[in-house]
Structures are given as C-alpha cells and as structure tokens.
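So you can see what is in the structure, the chains are spelled out below.
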Amino acid sequence: MNDEEMYLIFTKVRIAFPDDPDLTSPAPVRGLPEDVAAWLATNLPPLRTQIPHAAFEEAAGVALAGLYGPRNTGLIPAQDLADLLAASRFTHLGDARAVERAVVYAARLRGRRGWAAPWPGAVNAIFRMVRIQVPAPLQWIYDNLGRPPASPRSWRLAREIDFCAAVVSGALISGRCFCSERCNDFLQSDYQDRGNDLHIPPLTAASDCATHSFSCWDQQQPLGLFIWENAVREHLGATPSGPQEFRRGMLAKLAVDGSLAAGETMRCRQFLGIPAQGSEPAQGLALTCYGEVEAHDRCEHGHFPCRIKDLTWRLWYVGQRGQVPIRRCSSCNYFYFQFNKRSCPFCDANAWSRRPGRAYVPVRRAWLTSAEISHRLPTDTGLTPERSAELQDAIEQRLSEPHRTFAKRFLLNDRKTDIDAIAEAMNLDTRARRQSVEEVFARLADLLPQPPELAQENEPEVNP
Amino acid sequence: VKPAALTEKHLFAERLRPLLDDFRFTWCSPAVRSDGIVTVSVHPTSSDEGTPELLVSVFDGLPPPPSVHGLPWTIRRADTGTIVRVGNTDRGRFWLAGLAPGEYRLEIESLIPGELIEPRATAAAPQTDWSAGQITPAFAEVQYADKVAEQEFTSDDPDQTVRSARITQTREGRLTLDVEIQSDSELWGKQPLARFRIWNDSSELLAQGYIGLYSLVGGRAFGKLDLDGFAPDLRSWLPARCYLRIDPQDPRRLVAQDRDDLEQSLACTDDPRCREAVAAALGNLPPSGQRPAFGEEEV
C-alpha cells in the first residue's frame with residue numbers, strides 16, 4: 001500500500017469521527033482535495049453501525065475493505081470484519097503496521113468466493129510493494145551483465161520487473177518458495193551436508209528459503225523491510241559483498257528468466273594509484289586494478305602476479321563461468337590457479353596449501369564440455385607462450401587424427417571457439433566428439449588442469 | 001506407467017481448473033483467485049510508454065515450474081463471449097494491452113490428462129461402463145450448475161498421443177470438446193487436424209467433425225470446438241451408448257465430400273488459432289474424391 005491509500009484509510013476514520021480530537025489529528029478532514037473526497041464517497045462503503053456506536057477500528061476496517069476488498073459483493077459481513085480487525089489490531093490513528101497486517105491477512109485468505117476469498121486489492125498492494133524493490137537490482141544486472149544470452153527478442157526489462165514482482169509476491173503470500181532448488185547455481189550449501197560437520201545450523205539455502213513467506217513475518221517489522229530482506233537482501237553494486245548477500249534472496253533465483261548464477265572469483269589487487277577499473281562490483285575499492293583473474297593467473301588487464309588474499313563474489317549468467325581449483329601459497333598467503341608443479345609466481349616458494357579451494361573463471365574454452373551444459377565444470381586455464389609451445393609438441397607426439405586436429409583447434413587456435421563449433425566444423429557427430437574430448441583429456445592429462453572431481457581434496461580452503 | 005512430470009502436471013491442472021471457473025476481471029482492475037497453492041492473478045501495470053497493461057500470472061511456486069509454461073489462454077468479453085485475445089503463457093505470465101474498458105473472462109486451458117482409455121478398442125469390444133470411452137449419459141440433460149461438468153479420455157499408446165480429449169458442459173449448459181495431442185508422436189505425425197467421431201452401439205456414425213489444432217511447447221497441440229453447435233442432437237443420443245474417437249487427419253487426404261463437415265466444424269470453432277487450421281484445410285480441398293469408409297482407415 002502507498003501513502004495515498006494510508007491517507008484514504010485514516011481519512012475514513014476521521015470522517016467517521018469528525019469531533020474526536022484524538023482521531024482527527026494530525027490532518028483535518030476539511031480541506032480534502034475534491035477528487036479525493038469524491039473517491040471516498042463512491043468507493044468506501046458506509047459503516048454498518050451508526051456513529052457513535054461504531055468503533056474507531058470498525059471505521060478503519062471498513063475503509064480497508066473498501067480499498068482492498070472484492071467489488072460487487074456488498075458490504076463486508078460482520079464476522080469477516082471482526083476477523084479482519086482481530087488480525088490487524090489497530091491501536092491508533094495512523095497505525096501503519098495494522099494496515100500492513102490487515103493487507104497480509106486479506107491476501108492470504110483461502111476461501112473461494114466473496115469476502116472469504118483473497119482480496120484482489122490486497123494482493124495487488126503486496127504486488128506493488130514488491131515491485132518497488134525489484135527495479136534497482138534488475139536495472140543493475142541489466143547494466144552490468146547485459147541482456148540474458150538466451151532471452152527472446154521480446155525480452156524487456158520493464159516486463160521482467162512486473163513478472164518478478166508477481167512471482168515474488170505470490171511466493172510470499174502462499175509460502176511456496178522453492179528457491180533452494182537452485183542452490184548449486186549460487187553456491188549455497190545444503191543444510192544436512194554442512195550441519196553434520198559444524199554441529200550448528202548454518203545459514204543455508206533451505207534455511208533461507210524457509211523464511212520466504214509472510215508466515216515468518218513478525219508483524220512488527222515494516223512490511224517493506226521484510227520484503228526487501230527476503231527478496232533482495234542487499235544493494236547490488238554498492239559494496240563488493242552485494243552479490244554475496246543478493247544470491248541468498250528470492251530475486252536472484254528468479255530474475256532474468258532464472259538465468260543468474262553466482263560464485264567466488266579472483267580479482268586483481270595490483271596497486272594502480274587510480275580508481276578500480278575492473279568489471280562489477282568495483283565500488284568501494286580504490287586504487288587497485290580489480291580486474292577478474294583468469295585461469296592463467298593474469299587479470300583481464302594483463303597484470304601478473306595478481307596478489308589475491310580473498311575471493312570476491314560476483315554474478316553472471318549460467319554458463320559464462322567455470323570452476324577451477326586454486327591453492328594458497330603458505331609463504332606469501334596469495335591465491336593462484338597455477339599451482340601444479342610450479343613455484344609461487346610471487347614469492348617463488350613451493351609451499352602450497354594442502355587443501356585446494358575453487359574459484360570461477362570466464363568460460364572461454366571449456367574442456368570436457370561446452371559452456372552451455374554447465375558452469376560448474378572446470379574450464380581451460382588459458383595459454384602463455386611457453387605453455388602453448390609445450391601443448392603443441394604434446395599434441396603432435398601423443399595424438400592421432402582426427403583427435404590431433406580437434407586438440408589443435410580446441411587448445412591452440414581461436415580462443416573463442418568452443419567444442420560445439422569445432423565439432424560442427426569437423427563434421428563430428430556426438431560420439432566422435434566425445435571420443436575426441438576423452439582422447440585429449442587422457443593423452444594430455446598432465447598438461448591440463450585437473451578438474452575438481454579428480455583433484456585430491458577435502459574441504460575447500462577459501463576465505464580463511 | 002505415467003511419467004512423473006505428467007502426474008505433477010495432473011495435480012496442477014486439478015487445482016487450476018476450479019480457479020478459472022468463470023474468472024472475470026475488469027480492465028485496469030486487479031483480480032485474483034487462489035486455493036493457497038495455485039494462484040491466478042491479474043495486476044494492472046503500465047508499459048514503457050506509460051499505456052495501461054494487465055499482467056496475468058499463473059503462480060505455482062518460485063521458480064515457476066514447467067507446468068505453468070505454454071498454457072493456451074483466451075480472453076473473452078464477459079457480456080458477449082466474443083474472443084478478444086488469445087495466446088500461450090510464457091513461464092506462467094502474459095500481458096494484455098489495448099483492451100476496451102469493460103468486463104472480461106479469462107480462460108486458461110489446464111491441459112489435463114484423463115483416464116487411460118484406448119479409443120480404438122472401444123469400437124471392437126463391448127463396453128459395460130462409461131470409463132471405456134463411452135460418453136457419460138449424464139450429459140443427456142442440460143445442466144446449469146455452478147460447477148462445470150466434464151469427462152475426459154486419454155489414449156494409452158506409449159506416446160500417449162491423445163493426452164486429453166475432454167467433453168465439458170459449461171456453466172451456460174453448452175457442451176464443448178477440446179483435445180490436447182502429442183502432435184510430434186509417430187502416431188499423430190504433426191497433423192494439424194483432429195477428426196472426432198461419435199457413434200453408437202450399432203457402429204452407426206452419429207457425428208463426425210474436425211478440430212483445428214495449434215502448436216504448444218513440447219511438441220503438443222491443442223484445439224477446441226463447440227460440440228453442442230456441431231451436433232445439436234447429441235443429448236438425445238446419449239441415453240443409448242455413444243462413443244468418442246479421436247484420430248489424426250491429414251488435410252491432403254480430405255476430399256470434396258468432407259466439405260460439409262469442415263464447414264460445420266469451422267462454424268462451431270471460435271478460437272482464431274483453431275479456425276486457421278480448419279480454414280486452411282477447407283481452402284485446399286480437392287474438387288472430388290472418395291473417402292475411406294468408417295472403420296477401414298488406420299489409426
């Protein structure tokens with residue numbers, strides 16, 4: 001509900017009790033704009049009892065019914081009005097919480113017809129309350145991530161906002177939020193998996209999702225704040241931790257046709273002396289590069305080594321990034337991707353942490369699978385000139401045709417070519433394509449990064 | 001064994017249909033029906049240019065499940081029943097714009113599969129109850145009940161080609177026939193027309209017509225026809241046993257003798273998407289030819 005509706009509701013009370021000084025403050029009834037007065041006369045139903053027998057709560061309840069209740073069903077019956085007032089618990093003129101309690105109550109009615117059915121105006125009021133919260137994060141996503149890759153031509157931001165508001169409000173009203181189904185896309189852990197280890201209930205996808213209902217509203221907190229905390233949680237772009245909190249909300253799992261994903265990435269901390277130039281979220285970080293580090297340990301601006309002590313959450317569209325194992329150098333305490341058989345690029349020590357962590361890198365040349373299939377599988381680590389020469393020799397010596405051609409195109413040539421395009425250009429069917437991928441993986445395993453499934457690891461060691 | 005997705009869809013459809021019974025809304029005003037699980041809502045919004053729009057949403061959980069995607073919907077004038085908009089839902093949503101002020105009725109096809117019935121068997125085997133393909137005699141009397149009455153049939157071939165053939169008696173007492181087909185199945189072969197036939201115990205063909213189909217997501221197709229208008233005598237036949245059969249119809253195999261049936265089918269079809277298929281078949285009718293006799297053709 002908005003200010004105008006609040007004004008109308010309590011104006012009705014003031015109309016009902018024009019002589020009561022407690023109920024006529026703070027704004028006088030006289031002097032109403034003509035159109036508002038006309039609206040009140042035609043839309044708000046009369047009180048069922050005559051003043052002074054009517055109570056102040058009844059005037060407010062009737063006003064609520066007139067604003068949010070069903071049309072063409074007559075006056076609200078006494079029992080329905082009593083139930084509404086019991087749910088709203090009006091205490092004083094201008095009791096905004098009472099109006100919110102009444103609206104939530106009316107939107108969650110379960111009858112089929114008349115006043116026992118959900119009130120259209122109440123459902124629409126909640127829809128509008130949610131809709132107020134949705135545009136800012138969606139606009140930020142649209143500005144920073146662009147259109148979703150698989151969106152149809154008719155995709156429009158304004159309509160996405162309306163749609164998200166409708167679904168989020170529907171989930172809050174009915175309590176049917178299953179956003180934890182997408183916990184893998186947002187690196188949210190499952191309750192049982194972690195609870196057994198930690199012996200305390202952690203904040204997981206399931207525990208977050210369980211609060212996405214008006215039944216969890218304490219009826220004291222402002223309703224708009226409750227909606228914000230469940231649907232959005234954090235301003236995207238305001239702080240580097242924005243995506244980390246946002247991913248736990250309802251909107252992250254729904255927005256942009258459900259194509260968002262989130263994870264931890266490595267962001268370059270090279271000191272530049274100028275404001276951060278990396279891609280989002282860069283606000284609040286000054287004088288460092290903040291470019292995203294790719295799997296060859298160079299950031300998108302070419303800085304090396306990048307000296308990263310902690311990982312940064314960010315959002316992307318499903319399929320745009322893949323997971324790669326990382327380890328922390330125990331000597332300098334920085335994370336790096338290239339820990340296999342190498343010393344630390346910063347301090348030259350060969351003292352890697354025993355347990356690897358994982359970070360995401362942009363999918364440019366996913367190996368084993370194409371980008372469209374999953375963003376959770378490991379991706380290629382990119383090429384330095386030395387590594388390119390090393391790979392080329394190995395391909396020539398270890399592989400036969402057509403796997404040799406496949407490997408050259410896949411690992412050495414056009415870096416934006418993916419498996420699908422290569423297979424199509426080589427007229428490889430699905431089986432031949434899989435054989436080539438497996439052959440490349442088997443023969444060049446020592447030169448390619450280990451996928452996380454094959455790495456000997458226990459718990460990820462990130463964000464110590 | 002029914003696939004799990006079908007069962008979930010069945011449950012969803014069971015919930016959706018009562019909510020959409022005589023669902024009316026006024027242009028630019030909110031409306032909502034909910035049973036606590038499935039919610040159908042109409043929200044006033046505005047377009048980028050500021051013109052008023054209505055967002056119609058079918059909610060069955062966040063994120064939207066597949067069951068709310070691709071449902072055919074129809075908007076009719078509440079007073080005249082004239083169709084003003086048609087379309088399919090996109091993840092449970094669609095927008096309406098440019099409607100004249102007034103009251104409208106929302107129809108969304110729930111696309112429910114019915115009981116497992118093999119229509120072909122009904123012609124050969126003696127039937128003892130309505131569940132084997134017989135049209136229920138309950139339709140013999142016109143009912144103006146608050147609740148719609150209906151009966152459904154489904155083929156039990158491996159592809160479940162006829163996902164649903166449903167006879168419905170509306171609140172106004174009219175009988176309608178709608179079919180949902182797995183159009184890309186081998187049996188159906190993506191034919192744009194469904195031929196329905198009604199016959200009695202003596203294998204006398206009482207009525208035969210065509211339902212124009214339009215495509216849905218997942219290789220399915222849907223079509224609807226006013227059965228009362230097509231066969232005004234249907235109710236008088238029902239005290240005797242009558243059976244329903246649905247077959248694919250290749251428009252190229254239609255002959256001039258089918259013109260009357262096609263024209264009558266077209267006259268009893270008001271959905272523009274269904275009319276398009278029937279009208280196309282009518283326009284391509286050959287000048288003359290012979291049609292196989294009833295019972296000779298293959299299903």
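All values reported here derive from a predicted model rather than from experimental measurement.

Attention now moves to the overall build of chain B. Within chain B, the regular secondary structure consists of 6 helices and 16 strands. Burial status across chain B gives 56% buried among its 299 residues. For chain B, restricting intrachain contacts to residue pairs at least 6 apart in sequence, the fraction spanning at least 24 positions comes to 62%. Here chain B has roughly 12600 Å² of accessible surface; of this, 50% comes from carbon and sulfur atoms.

As a further point, take the interface of chain A and chain B. The interface of chain A with chain B comprises 33 residues on the first partner and 29 residues on the second. In this assembly, chain A packs against chain B so that about 2700 Å² is buried in total across both faces, 60% of it on carbon and sulfur atoms. A per-residue breakdown of the area chain A buries against chain B is headed by Arg159(A), Phe163(A) and Arg176(A), which together make up 23% of the total. Connecting chain A to chain B are 5 salt bridges. With its nearest N and O atoms 2.8 Å apart, the salt bridge here joins Asp257(A) to Arg91(B). Run the count over chain A and chain B and you get 9 residue pairs in polar contact (both at pLDDT 80 or more).

For the coordinates displayed, the defined rule picks out 7 cavities of 30 Å³ or more. Volume-wise, the largest cavity comes out at about 110 Å³. Counting residues per element, the ones that place at least two in the lining of the largest cavity are helix H9 (157-174) of chain A together with strand S2 (31-34), strand S3 (39-46) and strand S4 (52-59) of chain B. Take the lining of the largest cavity: its biggest share by element is 4 residues, from H9(A). Residue composition of the lining of the largest cavity, by class: 7 nonpolar, 7 polar and 1 charged.

On to the sheet that holds S3(B), then. Strands sit in the order S2-S3-S4-S7 (chain B) across an open sheet of 4 strands; the sheet is antiparallel. Of all the strands in the sheet, the pair left with one neighbour each is S2 and strand S7 (93-97) of chain B. Between one strand axis and the next, the sheet turns through 20° on average, direction left out of account. On top of the sheet, helix H7 (residues 120-133) of chain A reaches S2, S3 and S4 of chain B; it is set at about 60° to S3(B), its chief contact. Here H9(A) sits on the sheet in contact with S3, S4 and S7 of chain B, set at roughly 45° to S4(B).

What follows concerns the confidence of the model for chain B. Residue and element names in this part refer to chain B. Counting all residues, the mean pLDDT for chain B is 81, and 83% of those residues have values of 70 or more. Taking the mean pLDDT of every element in chain B, the minimum, 32, falls on helix H2 (residues 119-124) and the maximum, 95, on S4. This model gives residues 1-5 a pLDDT under 50, and the stretch forms 3 contacts once residues within four places in sequence are excluded. For this predicted complex, the interface confidence reaches an ipTM of 0.72, while the overall pTM sits at 0.73.

Moving on, we get to unusual backbone geometry. Of note, the bond from Glu401(A) into Pro402(A) is cis; its omega dihedral lies within 30 degrees of zero at 0°. With respect to the secondary-structure elements, Pro402(A) resides in the loop between helix H15 (385-398) and helix H16 (403-412). Here the residue pair Leu62(B) and Pro63(B) is connected by a cis peptide bond, since its omega of 0° sits within 30 degrees of zero. Even without being glycine, Asn72(A) reaches a positive phi, approximately 60°. Even without glycine at this site, Asp257(A) takes up a positive phi of about 60°. Tracing the backbone shows Asp257(A) in helix H14 (residues 250-258).

Mapping Arg176(A) onto the fold places it in the loop between H9 and helix H10 (191-198). For Arg176(A), a relative accessible area of 18% translates into the label buried. For Arg176(A), the side chain forms a polar contact with the main-chain oxygen of Ile37(B), separated by 3.4 Å. What Arg176(A) contacts, discounting residues up to four positions off in sequence, is Ala171(A), Gly36(B), Ile37(B), Phe59(B), Asp60(B), Gly61(B) and Leu62(B).

Ranked by size, the top nonpolar core spans 81 residues in total, and within it Trp119(A) and Ile141(A) carry the most contacts. Once residues lying within four places of it in the same chain are set aside, the contact partners of Trp119(A) are Leu64(A), Ala65(A), Tyr68(A), Gly69(A), Pro70(A), Ile76(A), Leu84(A), Ala106(A), Leu109(A) and Val32(B). Of all hydrophobic cores here, the second largest spans 30 residues; its members include Ile181(B), Phe196(B), Phe230(B) and Leu234(B).

Residues and elements named next belong to chain A. Summed over the entire model, instances satisfying the criterion amount to 10 aromatic pairs over all chains. Between the aromatic rings of Trp316 and Tyr360, the centroid separation amounts to 4.9 Å while the plane-to-plane angle is 50°, which identifies the pairing as tilted. Residue Trp316 is located in strand S2 (residues 312-317), and its partner Tyr360 is located in strand S5 (residues 357-362); the two are separated by 44 residues in the primary sequence. Each of the two residues, Trp316 as well as Tyr360, counts as buried. Of note, Arg247 hangs over the ring of Trp313, and the distance from its end group to the ring centre comes to 3.8 Å.

This next bit is on H7(A). For H7(A), built from 14 residues, the straight-helix expectation of 20 Å at 1.5 Å per residue is met to within 8% by its first-to-last C-alpha distance of 20 Å. Burial within H7(A) is extensive, with 11 of its 14 residues counted as buried.

The subject of this paragraph is the packing of helix H6 (residues 96-107) of chain A against H7(A). Residues and elements named next belong to chain A. Two numbers describe how H6 lies on H7: the axes approach to 8 Å, and their chain directions differ by 115°. H7 is crossed by H6, and the crossing has left-handed handedness. Only Ala122, Val123, Ala125, Ile126 and Met129 of H7 make contact with H6, whose side of the interface consists of Glu100, Val103, Val104, Ala106 and Ala107. Considered class by class, the residues forming the contact of H6 with H7 number 9 nonpolar, no polar and 1 charged.

We now examine the environment of Val123(A). Structurally, the position occupied by Val123(A) is in helix H7. Sequence separation between Val123(A) and Ala166(A) is 43 residues; the distance between their C-alpha atoms is 9.5 Å. The residues touching Val123(A), leaving out its near neighbours within four places in the chain, are Ala107(A), Pro118(A), Ile173(A), Val32(B) and His43(B).

Scoring rules and cut-offs
Residues numbered from 1 in each chain as written. Chains lettered and ligands numbered in written order. Predicted model: local features only at pLDDT ≥ 70, side-chain atom pairs only at ≥ 80, totals over all residues. Heavy atoms only, no water. Helix = DSSP H or I, 4+ residues; strand = E, 2+ residues; numbered from the N terminus. Buried < 20%, exposed > 50% of the residue type's maximum accessible area, 1.4 Å probe, protein only. Contact = heavy atoms within 4.5 Å. Areas by Shrake-Rupley, 256 points an atom, 1.4 Å probe, with all protein chains shown as cover. Buried area = accessible area lost by both parts, 1.4 Å probe. Salt bridge = Lys/Arg side-chain N within 4 Å of Asp/Glu carboxyl O. Polar contact = N/O pair within 3.5 Å; in protein donor to acceptor, adjacent residues only side chain to side chain. 1 Å grid on protein atoms, 1.4 Å probe; cavity = no way out; pocket = protein on both sides within 12 Å on 5 of 7 lines; lining within 4 Å. Points joined across faces, edges and corners; volume = space filled by probe spheres on them. Nonpolar A, V, L, I, M, F, W, Y, C, P; charged D, E, K, R; others polar. Pairing = 2+ DSSP bridges. Axes fitted to C-alpha atoms, helices over the stretch in contact; angles between N-to-C directions. pLDDT = per-residue confidence, 0-100. Core = buried A, V, L, I, M, F, W, Y, C linked by side-chain atoms within 4.5 Å. Phe/Tyr/Trp six-rings, centres within 6.5 Å; stacked < 30°, edge-to-face > 60°. Lys NZ or Arg CZ within 6 Å of the ring centre and 35° of its normal. Expected span 1.5 Å × (residues − 1). Left-handed = near helix turned anticlockwise from the far one by under 90°.

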